[in-house]
Amino acid sequence: MWQLSVRSVRHHAPLFLGTFVSLVLGVALIAISSAALGATFGVAQPTGDRPSVTLPDGEGNSHTVTGGAIDLGAVQTVLVMTGVICLFVTVFVISGTCALSIALRRRELGLLRLVGAGSRQVRRMVTGECLAVAVPAAAVGSLLAVLGTPLAVAALNHTGLSPVDLKDAPLAVPLLIAVPAGLLMAVLGAAAASRRAARVHATEALREAELDSRAMTGGRWTMGLLLLAVGGLMVWLARGADLEGATPLALFGTLFLTGAAALLGPLYLGPLIRLLGVPLRRSGSVPAQLAVASLAAARLRTAASVGPVLAIVAVVGVFTSVLGTTGATVKADDRGRTVGQLIVEAPGGGALDPAVLESLRRDPRVAAVSAPATTDIAVADRTSVRQDRGAAVDLPALARTHRLDVAEGTVRDLAPGELAVSREYAGWYGYHVGTELTYGLYGRKPATGTVVAIVDGGSTLAQVLLPAGTPGLPGPERATVLLAGDAAGTAGTVAQDLAHRLGADRASVSTAAHWYDGTDDEQGRLNNLVLLVLAGPASGYALISVASTLVMSYSRRGREIAGMRLIGVASRQVRRTALWETAITTGLAAGVAAVLVAVGLGAYRAALSADYHEVALDVPWGTLAALVLACLAVGGAVALAATGRLLRQGEISAITARE
């Protein structure tokens with residue numbers, strides 16, 4: 001059967017184009033993402049006299065923690081998410097192209113059964129076909145990964161997402177991950193397709209309509225309903241989860257719902273298309289009516305055409321919307337909590353001069369100045385020691401310049417041996433007023449403090465708050481100033497006067513509104529970079545998959561188009577019908593994807609509303625619209641090219657040609 005599989009692949013090359021392209025790009029993108037992730041783990045941490053602290057855990061075991069490490073968590077998270085998106089889209093597209101390939105060859109498979117081929121032989125042949133495509137695809141994908149990894153790492157270094165430049169990592173391990181993953185995806189796609197092929201009866205050789213017989217198989221029903229149930233449960237649980245739990249639940253719940261929408265496509269796309277056909281019939285457009293009739297009849301082919309666009313728009317939409325909404329909500333919450341009218345920073349970064357802070361506090365126009373001195377801090381737990389974010393604060397002054405919600409205890413000056421913790425931090429580890437924490441600043445001896453207050457001050461508030469003046473901490477980088485009396489109404493004028501009096505070389509003074517606008521611009525730049533890294537490779541992948549799926553579909557539509565010509569449909573109407581089909585399938589995919597993103601984002605918004613007073617939704621409408629238009633343009637171009645080729649074959653020759 002292996003020789004028959006290889007000959008089948010050679011004879012029906014266009015039918016296997018989608019699977020080949022999907023595997024090539026899937027292997028390449030997974031390998032590149034893995035290599036870039038490996039490069040982050042290969043970053044050498046600073047050597048030399050790095051400060052450390054040794055703390056005993058709750059069981060009496062000592063742990064030494066060293067500070068000054070380079071934090072690569074953000075770029076690693078982005079790369080992991082990129083790999084997840086690429087893997088999901090690859091599995092999504094391969095399953096669709098394998099199913100479409102079998103559906104387009106039902107008559108051929110029926111002939112094989114008619115001449116005596118058994119179910120087991122048909123399954124072996126189909127599995128052999130997928131392997132015959134997967135092996136060279138994995139080789140080509142590996143070659144692309146070797147060529148593309150240095151370019152990808154260099155491009156990532158220029159984004160500024162990584163705090164240090166990454167160097168090319170060895171590709172052996174990434175390829176050992178990507179190639180077996182590609183072969184496994186091919187085998188899984190072949191397994192599902194072979195079961196479908198084995199159920200083809202000899203009577204299928206007599207059928208004229210190849211795509212409308214039993215589009216919803218038992219496997220589609222089982223997997224579709226299972227993904228629907230799991231995805232729905234995850235999205236429902238996300239509504240009541242905390243921020244750390246809601247993020248993966250909303251993201252992966254939407255991914256499962258997207259998979260369910262693709263598998264159950266033949267069930268609901270037909271009615272949606274017929275509903276859409278009502279106004280099109282009233283328009284009197286013959287090509288539009290032909291497109292509606294063709295799409296409604298060929299349910300599996302329609303689902304395969306909708307699949308790539310649905311997958312990429314839904315996946316990119318929910319990932320970027322969740323990330324954007326998180327950032328926008330945090331910024332809105334921080335802005336809303338800031339009561340002080342002025343922000344004072346050291347020019348060029350670094351710590352503020354203590355004389356500057358003293359001068360601000362003595363100014364009669366200033367009511368309060370809060371300048372937390374932040375640093376990394378080691379905190380002992382029951383069985384380990386973790387690194388958290390600490391700050392030495394004047395808690396009453398902070399409560400005046402920012403809105404603080406007190407969960408437990410009272411806001412007062414922290415005495416030596418007293419601590420305050422954030423509400424989120426207390427919820428993570430079960431801390432309450434009266435809890436004793438063993439902590440340590442790097443380079444100093446361990447200390448013990450008692451929690452006297454649990455406060456909620458937004459994401460900018462450090463997790464552990466130490467008494468003001470705690471020795472061993474760096475100076476504060478920023479101060480928030482609350483103006484008194486009439487000065488509050490002339491914050492801009494006061495800012496200019498303070499900047500002139502303090503000196504441009506000692507302090508930069510700006511209004512809080514102007515400062516937040518500047519940080520919003522920088523955050524927007526970083527969000528766009530993350531969006532590019534997440535959506536760029538997968539979007540290009542989806543566009544190529546759209547094209548290859550259409551090539552597969554049109555490779556078996558010669559008889560259909562020839563029949564249209566014989567009953568009097570003009571060539572230009574055939575081309576317009578192809579364009580209408582592309583427009584309808586792309587529009588349906590975008591609409592279904594929009595519903596899925598709205599469901600996932602709605603659950604995530606409900607989770608955010610429990611921790612933030614204001615939730616600011618941030619959906620990249622421009623990027624998603626451009627992605628849909630790109631899919632429409634690629635699909636339209638391929639449809640016109642394929643239709644033109646079929647029209648040039650001639651009506652009678654197309655009908656009598658051996659398929």
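Each residue is numbered by its place in its chain's sequence as written, counting from 1. Where local features are concerned, this predicted model is filtered to residues with pLDDT of at least 70; where side-chain atom pairs are given and counted, the filter is 80 or more; whole-chain, interface and lining totals use all residues. Note that water and hydrogens are dropped before the side-chain values are worked out from all heavy atoms of the structure.

## Section: a nonpolar patch on the surface
No. 1: Candidates for patches are residues over 30% relative accessible area with no salt bridge; among them, like charges are joined within 9 Å and nonpolar side chains (Val, Leu, Ile, Met, Phe, Trp, Tyr) within 5 Å. The Shrake-Rupley method, run with a 1.4 Å probe sphere, supplies the accessible areas, and residue values consider only the shown protein chains as cover. Put simply, a salt bridge is a Lys or Arg side-chain nitrogen that is within 4 Å of an Asp or Glu carboxyl oxygen. Together, Trp221, Leu225, Leu228 and Leu267 make up a nonpolar patch on the protein surface, roughly 350 Å² of accessible area in all.
No. 2: The biggest single contributor to the nonpolar patch is helix 7 (residues 218-239), with three residues.
No. 3: Structurally, tryptophan 221 can be placed in helix 7. Here a strand is any run of E in DSSP of at least two residues, a helix any run of H or I of at least four, and the numbering for each starts at the N terminus.

## What about the sheet that holds strand 13 (residues 508-511)?
No. 1: One requirement defines pairing of two strands: DSSP has to find at least two bridges between them. If you trace the four strands from one edge of the open sheet to the other, you get 4-12-3-13, paired in antiparallel fashion. For this open sheet the edge positions go to strand 4 (366-370) and strand 13, each flanked by a neighbour on one side alone. In this sheet, neighbouring strand axes are inclined to one another by 25° on average, regardless of whether the strands run parallel or antiparallel.
No. 2: The pairing of strand 3 (residues 342-345) with strand 12 (residues 478-483) spans four bridges and is antiparallel. Bridging across to strand 12, isoleucine 343 finds its partner in threonine 480.
No. 3: In what follows, a contact means two residues having at least one pair of non-hydrogen atoms within 4.5 Å. Axis geometry follows a simple rule: fit a line to the C-alpha atoms, using only the stretch in contact for helices, then measure angles between N-to-C directions, giving values from 0 to 180 degrees. Sheet strands touched by helix 15 (residues 491-502): strand 3, strand 12 and strand 13. Its angle to strand 13, the strand with the most contacts, is close to 180°.

## As for the packing of helix 7 against helix 8 (residues 243-263)
No. 1: Look at helix 7 against helix 8: their axes get within 7 Å of each other, and the N-to-C directions meet at 155°. The angle between helix 7 and helix 8 falls in the class roughly antiparallel. Classified by chirality, the crossing of helix 8 by helix 7 is left-handed. Oblique is the label for any angle not under 35 degrees, not over 145, and not in the 65 to 115 range, which are roughly parallel, roughly antiparallel and roughly perpendicular in turn. For any pair of crossing helices, the crossing counts as left-handed if the nearer helix is rotated counterclockwise from the farther one by less than a right angle, and right-handed if it is rotated clockwise.

## Topic: the nonpolar core
No. 1: Side-chain atoms within 4.5 Å link the members of a nonpolar core, which is a set of buried Ala, Val, Leu, Ile, Met, Phe, Trp, Tyr and Cys residues. Relative accessible area decides the class of each residue, using a 1.4 Å probe on protein chains only: under 20% of the type maximum gives buried, over 50% gives exposed, and in between gives partly exposed. Judged by nonpolar contacts, the single largest core of 79 residues is most densely connected at Leu310, Phe319, Tyr554 and Ile584.
No. 2: Residue contributions to this core peak at 15 residues, all from helix 18 (residues 571-609).
No. 3: Each residue touching phenylalanine 319, except ones within four places of it in the same chain, is listed here: Met81, Val84, Ile85, Leu251 and Leu255.
No. 4: With 21 residues, the next largest nonpolar core counts Val344, Ala346, Ala371 and Ala491 among its residues.

## As for helix 10 (residues 286-297)
No. 1: In a helix, the anticipated span is given by 1.5 Å times the number of residues less one. For helix 10, which comprises twelve residues, the first-to-last C-alpha distance of 17 Å matches the rise-based estimate of 16 Å (1.5 Å per residue) to within 8%.
No. 2: Those residues of helix 10 that sit buried are Pro287, Ala288, Ala291, Val292, Ser294, Leu295 and Ala296.
No. 3: In this structure, the buried side of helix 10 is in contact with helix 9 (265-283), helix 11 (299-337), helix 17 (558-566) and helix 18.
No. 4: Between N or O atoms, a polar contact is any pair within 3.5 Å; within protein, one atom must be a potential hydrogen donor and the other a potential acceptor, and residues adjacent in sequence are included only when both atoms are from side chains. The N-cap of helix 10, judged by a side-chain oxygen 3.4 Å from the amide nitrogen of alanine 288 a few residues on, is serine 285.

## A few points about the environment of glycine 67
No. 1: Here glycine 67 shows up in the loop between strand 2 (62-66) and helix 3 (73-103).
No. 2: The sequence separation of glycine 67 and isoleucine 377 amounts to 310 residues, and the corresponding C-alpha distance is 8.6 Å.
No. 3: Contact partners of glycine 67, with chain neighbours within four places excluded, come to Arg50, Pro51 and Tyr442.

## Concerning the pairing of strand 8 (residues 418-422)
No. 1: In terms of burial, strand 8 is largely enclosed, as five of its five residues are buried.
No. 2: Going residue by residue along strand 8, you find Glu418, Ala420 and Ser422 tucked away on one face and Leu419 and Val421 tucked away on the opposite face as well.
No. 3: Across five bridges, the pairing between strand 8 and strand 10 (residues 447-456) is parallel. Within strand 10, the position partnered with leucine 419 by the bridge is valine 451.
No. 4: Pairing of strand 8 with strand 11 (residues 464-467), which is carried by two bridges, proceeds in the antiparallel orientation. In the sheet register, alanine 420 faces strand 11, and the bridge partner there is leucine 465.

## Brief notes about the confidence of the model for the chain
No. 1: Think of pLDDT as the predictor's per-residue confidence, scored from 0 to 100. With 86% of its residues at a pLDDT of at least 70, the chain reaches an overall mean of 82.
No. 2: Model confidence for the chain, summarised as mean pLDDT per element, is weakest for helix 20 (residues 651-656) at 48 and strongest for strand 8 at 94.

## Some details on the packing of helix 11 against helix 18
No. 1: Between helix 11 and helix 18, the shortest axis-to-axis distance is 8 Å and the interhelical angle comes to 30°. Accordingly, the angle class assigned to the pair helix 11 and helix 18 is roughly parallel. The interaxial crossing formed by helix 11 with helix 18 has right-handed handedness.
No. 2: Tallied by class, residues from the contact of helix 11 with helix 18 come to 15 nonpolar, nine polar and no charged. Only Asp, Glu, Lys and Arg are considered charged in this grouping, and only Ala, Val, Leu, Ile, Met, Phe, Trp, Tyr, Cys and Pro are considered nonpolar; every other residue, Gly among them, is considered polar.

## Remarks on the pairing of strand 4
No. 1: Among the five residues that make up strand 4, four are buried, leaving the element largely enclosed by the rest of the structure.
No. 2: When strand 4 meets strand 12, the two strands line up antiparallel, connected through four bridges. Paired with valine 366 across the strands is leucine 483, a residue of strand 12.

## With respect to the pattern of salt bridges
No. 1: According to the stated counting rule, one finds 13 salt bridges in the structure shown.
No. 2: Put simply, aspartate 333 and arginine 337 hold a salt bridge, and the shortest N to O gap is 3.1 Å. Here the residue aspartate 333 and the residue arginine 337 both occupy positions in helix 11, the gap between them amounting to four residues, near one helical turn.
No. 3: The exposure class of aspartate 333 is buried, given its relative accessible area of 5%.
No. 4: With a shortest N-O distance of 2.9 Å, aspartate 381 and arginine 386 are connected by a salt bridge.
No. 5: Its relative accessible area of 13% is what places arginine 386 among the buried residues.
No. 6: Within this structure, Asp333, Arg337, Asp405, Arg423 and Asp456 form a network of salt bridges that share partners.

## Focus on a negative patch on the surface
No. 1: His residues and chain termini do not enter the charge count, which takes Lys and Arg as positive and Asp and Glu as negative. By convention, the charge on Lys lies at NZ, on Arg at CZ, on Asp at CG and on Glu at CD. Together, Asp242, Glu244, Glu424 and Asp611 give the surface a local cluster of negative charge.
No. 2: The class for aspartate 611 is partly exposed, based on a relative accessible area of 32%.

## Describing the environment of proline 537
No. 1: Relative to the elements of secondary structure, proline 537 occurs in helix 16 (residues 512-554).
No. 2: The partly exposed category is assigned to proline 537, whose relative accessible area is 30%.
No. 3: The spacing of proline 537 and cysteine 86 is 451 residues in sequence and 7.8 Å in space, taken between C-alpha atoms.

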